[in-house]
Amino acid sequence: MIDFKREIANILSEKIEELTVEEILEMMEIPPNSQMGDYAFPCFKLAKIFRKAPNMIAEQIVESIGENPLFEKVENAQAYVNFFIDKATFAKSVVEEVLEKKDAFGSSNLGEGKKVIVEFSSPNIAKPFHIGHIRSTVIGNAIYKLYDFLGYDTVTINHLGDYGTQFGKLIVAYKKWGNEKEVEENPIPTLLKLYIKFHEEAEKHPELEDEGRLWFKKLEDGDEEAKRLWQWFRDVSLKEFNRVYGMLNISFDSYAGESFYSDKMPRVLKMMEEKNMLKESKGADIVDLEEYGMPPALIRKSDGSTLYITRDIAAAIYRKEHYDFYKNIYVVASQQNLHFQQWFKVIELMGYDWAKDCIHVPFGLVSLEEGTMSTRKGRVVFLEDVLKKAVEKTKEIIKEKNTNLSNIDEVARQVGIGAVVFQELSNNRIKDYTFSWDRTLNFDGETGPYVQYTHARACSVLRKAEVTIDENIDYSLLSNEDEMDLVRVLQKFPNIIKEAARKYEPSIVTRYIVDVAQAFNRFYHHCPIIVEDKEMQKARLALVAAARQTIKNGLTILGVSSPERM
Ligand code: ARG
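Calculation notes
- Residues numbered from 1 in each chain as written.
- Predicted model: local features only at pLDDT ≥ 70, side-chain atom pairs only at ≥ 80, totals over all residues.
- Near = placed C-beta within 6 Å.
- Nonpolar A, V, L, I, M, F, W, Y, C, P; charged D, E, K, R; others polar.
- Core = buried A, V, L, I, M, F, W, Y, C linked by C-beta atoms within 7 Å.
- Buried ≥ 20, exposed ≤ 12 C-beta atoms within 10 Å, placed from the backbone.
- Helix = DSSP H or I, 4+ residues; strand = E, 2+ residues; numbered from the N terminus.
- Contact = placed C-beta atoms within 7 Å.
- Pairing = 2+ DSSP bridges.
- UniProt positions renumbered as here; feature names shortened; annotations may be inferred.
- Domains from an automatic or database assignment.
- Axes fitted to C-alpha atoms, helices over the stretch in contact; angles between N-to-C directions.
- Parallel < 35°, antiparallel > 145°, perpendicular 65-115°, else oblique.
- Left-handed = near helix turned anticlockwise from the far one by under 90°.
- Expected span 1.5 Å × (residues − 1).

Q: What is the right way to look at the site of the ligand in this model?
A: Close to the ligand lie E119, S122, P123, N124, H159, G161, D312, Y330 and V332. Here the shell around the ligand is built from residues that sort into three nonpolar, four polar and two charged.

Q: It is not clear to me how the nonpolar core should be interpreted in this structure. Could you clarify?
A: Inside soluble globular proteins, nonpolar side chains tend to come together where they are buried. Of all hydrophobic cores here, the largest spans 112 residues; its most connected members are I143, L146, L490, V516 and A547. If one sorts the elements of this core by residue count, helix 22 (residues 534-558) sits on top with 12 residues. Here A547 is in contact with A458, L486, L490, V516 and F520, once residues within four sequence places are set aside. If you look at the next biggest cluster of nonpolar residues, it comprises 22 residues, including I125, V172, A173 and I188.

Q: Whenever I open this one, the pairing of strand 2 (residues 71-77) confuses me. Can you help?
A: The side chains of a regular strand alternate, first on one face of the sheet and then on the other. Both strand 2 and strand 3 (residues 80-85) contribute to a ladder of six bridges, which runs antiparallel. Looking across to strand 3, one finds that K73 is bridged to F84. Between strand 2 and the antiparallel strand that follows it, strand 3, lie two residues; Q78 among them carries a positive phi value of about 45°.

Q: What's the story with the UniProt feature "short sequence motif: 'HIGH' region" (unreviewed entry) in the chain in this structure? I'm lost.
A: UniProt's entry tags residues 123-133 with the feature "short sequence motif: 'HIGH' region" (unreviewed entry), counted in the numbering of this structure. Secondary structure over residues 123-133 splits into 27% helix and 0% strand, and the C-alpha atoms at its two ends are 7 Å apart.

Q: Looking at this model, I keep getting lost on the domain arrangement of the chain. Mind explaining?
A: For an interface, size is often stated in terms of accessible area lost upon the parts coming together. Domain assignment breaks the chain into domain 1 (4-85), domain 2 (115-263 + 306-361) and domain 3 (396-558). Inter-centroid distance (C-alpha atoms) of domain 1 to domain 3 is 34 Å.

Q: What is the right way to look at the sheet that holds strand 3 in this model?
A: Across a sheet, strands are paired by hydrogen bonds formed along the backbone, either parallel or antiparallel in direction. The sheet built from three strands is open, its strands ordered 1-3-2 with antiparallel pairing. One side of each edge strand has no neighbouring strand; the edge strands of this open sheet are strand 1 (39-42) and strand 2. When the angles between neighbouring strand axes are averaged without regard to direction, this sheet yields 15°. Of the strands in this sheet, strand 2 and strand 3 touch helix 4 (residues 54-65), which is tilted by about 160° from strand 2.

Q: Help me understand the environment of D153 in this model?
A: In this fold, D153 is placed in strand 5 (residues 153-157). Separated by 172 residues in sequence, D153 and F325 place their C-alpha atoms 9.3 Å apart. Beyond its immediate stretch of four places on either side in the chain, D153 contacts G113, K114 and K115.

Q: Sorry, what's going on with the sheet that holds strand 4 (residues 115-119) here?
A: The parallel open sheet is built from four strands, whose spatial order is 5-4-9-10. Both edges of this open sheet fall to strand 5 and strand 10 (358-361), since each of them pairs with a single strand only. Strand-to-strand twist across the sheet, computed as the mean angle between neighbouring axes with direction ignored, equals 20°. Here five bridges tie strand 4 to strand 5, and the two strands are oriented parallel to one another. Across the sheet, residue K115 finds its bridge partner in strand 5, namely D153. On the sheet, helix 13 (residues 308-323) packs against strand 4, strand 5, strand 9 (327-331) and strand 10 and is oriented at approximately 145° with respect to strand 4.

Q: Before we go on, may I ask you to explain the packing of helix 5 (residues 87-101) against helix 19 (residues 481-491) in this structure?
A: A packed helix pair is summarised by two numbers, namely the angle formed by the two axes and the spacing between the axes. In contact at an axis separation of 10 Å, helix 5 and helix 19 are set at 50° when each is read in the N-to-C sense. What the angle tells us is that helix 5 and helix 19 run oblique. At the point where helix 5 passes helix 19, the crossing takes the left-handed sense. Residues K87, F90, A91, V94, V95 and V98 of helix 5 lie in contact with helix 19, whose contacting residues are M484, V487, L490 and Q491. For the contact of helix 5 with helix 19, a count of residues per class yields eight nonpolar, one polar and one charged.

Q: Any chance you could explain unusual backbone geometry here in plain terms?
A: Negative phi characterises most residues that are not glycine, and trans characterises most peptide bonds. Despite not being glycine, R51 has its phi angle at roughly 50°, a positive value. Tracing the backbone shows R51 in the loop between helix 3 (47-50) and helix 4. R51 gets classed as exposed once you count the C-beta atoms within 10 Å, which come to 8. Phi at D324 is positive, roughly 45°, even though this residue is not glycine. With respect to the secondary-structure elements, D324 resides in the loop between helix 13 and strand 9. Here D324 falls in the exposed class, since 9 other C-beta atoms lie within 10 Å of it.

Q: For this particular structure, what's the right way to read helix 16 (residues 408-424)?
A: Because the α-helix completes a turn every 3.6 residues, residues three or four places apart line up on one side. Over its 17 residues, helix 16 runs 24 Å from end to end, which matches the ideal 24 Å to within 8%, given 1.5 Å per residue. Most of helix 16 is tucked away: 14 of the 17 residues are buried.

If you want it as structure tokens, here you go:
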């Protein structure tokens, strides 16, 4: 694809020797509307250098450029040099790039040789995978895909919450009140019930707490029975989680959870001791962070056991040593901001200069609109139930619209789940938001179903075509505003990907896909495609194919499927 902005900067730098190409690029602007050209170069700052009125400088630049096949025209408008890109050259450059690169359009090798770890999802075992977890899962997966698309060497990690005193308590509860068959049949709700019962009973019989601690100690010391039960709780939980990951089409390179670091803690504690970082406080070990305006980091409890934060520190050191990451990204709710700030500071104080390469990507809360879901026992909404309901509701909507779809179940799954994922990724991640069915499943709003429907519409046009798209396309036939607007949107895709990755913000891609779909639909409604004039038909079809491909590539990054019929 021709980088028109850079081409213009190159041309300008020949005329203005005092400025570098980079400086010119900095100064260039995109005019607020296309009647003022595609790019503009303001000449006000040149007045000093040339000791001339800006308007005159602009006039001279226009004259010196003269005729150039790249431009339809170049003109001076009140000291701005406005560049109008030749429409056919522009359309050809963009559409050919998309059609040549296909699924790779928008990708790059920017990240070659750089390892990026994306840690996301990380639910706690024996606890429900609830609607709140979807955010980390879906945002994290999109961030991973963005970096992957940019050529980084990516590793995805699910840092399962599978360690800590609560597992001692769970073992006690299971041994007292549990039943194997019930756990096998309905693992998470059963384990959750046992855990709740433990706390109710412990109010009346505080000695249960000691028993819980004892069993966790046993687990840490490698006691056979404790290990067997813990492993079993972990296995049945993971089986449940994997069902949800399967629905979302997500998998991880590593499931090294908190327990993975249990034997890596002593070394970390020793390093902290050697660096004299630990301070005693009521029998526990802390790192004082007062100087940095933060509460102390509790590293080791008075009974010698380690904590969530200690395991995060050990995990980061392990990851640096094992993967030698360029970036180590954590997609975790904003409630944990302080936790991450604290331990990032601790590793910095340990002397690790790569602390700056550890990045917490926080996100806001999701709540459900009243009446969205009736809950199973307890008040938590299970993610799996939300996804299933989305599929069911979608099936009803599709049935009303299109009755002769042979694979309706498959499409309902792709659209229903895609709708939830797309909705999740529609707002800036840091914003809290309320989930509502109407907003998620609306086929006409700025939703997943809307862009998927647009994709399917493009597929249908391509199926109906009477000509094949070949090398000989007369791009000068694409010249009206709707066609040009669509080309202009498509051109942005590679930069959209880079910006979204740099800001860890998948919603930039989500909103962009909506822009593509809207530009496509304006074009579709105003420009007949299957027309008599075969040359015209071919040119417009090429544009349809390019729009379809771009929507698909964007949706793939988000983890949303692009059905061809719906
Ligand atoms: N298991 C934790 C939770 O559900 C999230 C873990 C986040 N990752 C981390 N490295 N601390 O709240």
